[in-house]
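Here is what each chain is made of, one letter per residue.
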Amino acid sequence: MRDTSELTVAVERFADRLRAAPQSRLQRGAAAEGLALARELAVRAQRAEDPAREPLTMPDAGVFTVADQLVVAGNDLAEILRTAPADSREGELGEAVRLVREAAERSGL
């Protein structure tokens, strides 16, 4: 089993910043950045779980739910990567962590 704690910590850190942000900051793009990341992580998790099925798009449930959506998508992907065979999904964990960190930086939070 692979250690995915780096991904879950990065996701939680960004989600905490989103939760603490004022509504005005969320509306100026931070929430959109979080939602885009949550959608990307969700698509990656779905493709890893069932490559033959077309991934569903995570809905926009509003600026105040983005942090929770991000945590769900990030934890889903982390679990799939954690339980994947050691020789499969090579590099996906590092790429996911990079995506989270870049999105957090772009969000301005």
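Preceding block: the structure.
Structural notes, computed from the coordinates. In this numbering scheme, every chain counts its residues from 1 along its sequence in written order. Reporting of local features is limited, given that this is a predicted model, to residues whose pLDDT is at least 70; pairs of side-chain atoms are given and counted only at 80 or more, and all residues count toward the totals for whole chains, interfaces and linings. Excluding hydrogens and water, the side-chain figures rest on all heavy atoms present in the structure.

1. Remarks on the overall build of the chain
Okay, step 1: A tally of regular secondary structure across the chain gives 4 helices and 0 strands.
Okay, step 2: In this text, helices come from DSSP runs of H or I with a minimum length of four residues, and strands from runs of E with a minimum of two, each type numbered from the N-terminal end. Counting helices and strands in the order they occur from the N terminus, the chain gives α-α-α-α.
Okay, step 3: What you see for the chain is a C-alpha radius of gyration of 14 Å, in line with the 13 Å of a compact globule of 109 residues.
Okay, step 4: With respect to the three principal axes, the spread of C-alpha positions in the chain is 45 × 25 × 15 Å.
Okay, step 5: Any two residues whose heavy atoms approach within 4.5 Å at even a single point are treated as in contact. Nonlocal contacts in the chain, meaning residues at least 24 apart in sequence, comprise 78% of its contacts between residues at least 6 apart. As a reference, a globule follows 2.2 Å times the number of residues to the power 0.38, and the radius of gyration itself is taken over C-alpha atoms.

2. Details of the packing of helix H1 (residues 5-20) against helix H3 (residues 66-83)
Okay, step 1: The interhelical angle for the contact between H1 and H3, taken along N-to-C directions, is 175°, at an axis separation of 9 Å. If you check the angle between H1 and H3, you find them roughly antiparallel. On the side of H1, the interface is formed by Leu7, Thr8, Val11, Glu12, Phe14, Ala15, Leu18 and Arg19, while H3 contributes Val66, Ala67, Asp68, Leu70, Val71, Gly74, Asn75, Leu77 and Ala78.
Okay, step 2: Classification convention: Asp, Glu, Lys, Arg as charged; Ala, Val, Leu, Ile, Met, Phe, Trp, Tyr, Cys, Pro as nonpolar; all other residues, Gly among them, as polar. Its residues placed into classes, the contact of H1 with H3 shows 11 nonpolar, 3 polar and 3 charged. Lines fitted to C-alpha atoms define the axes, with helix axes restricted to the stretch in contact, and inter-axis angles between N-to-C directions lie between 0 and 180 degrees. Every angle not falling under 35 degrees, over 145, or within 65 to 115 is termed oblique; those three ranges are roughly parallel, roughly antiparallel and roughly perpendicular.

3. A look at the environment of arginine 47
Okay, step 1: Tracing the backbone shows arginine 47 in helix H2 (residues 23-49).
Okay, step 2: Remark: exposure states derive from per-residue accessible area (1.4 Å probe, protein chains only) relative to the maximum for the residue type, with buried under 20%, exposed over 50%, and partly exposed in between. By relative accessible area, which is 47% here, arginine 47 ends up partly exposed.
Okay, step 3: Distance in space between the C-alpha atoms of arginine 47 and leucine 77 is 9.9 Å, their sequence separation being 30 residues.

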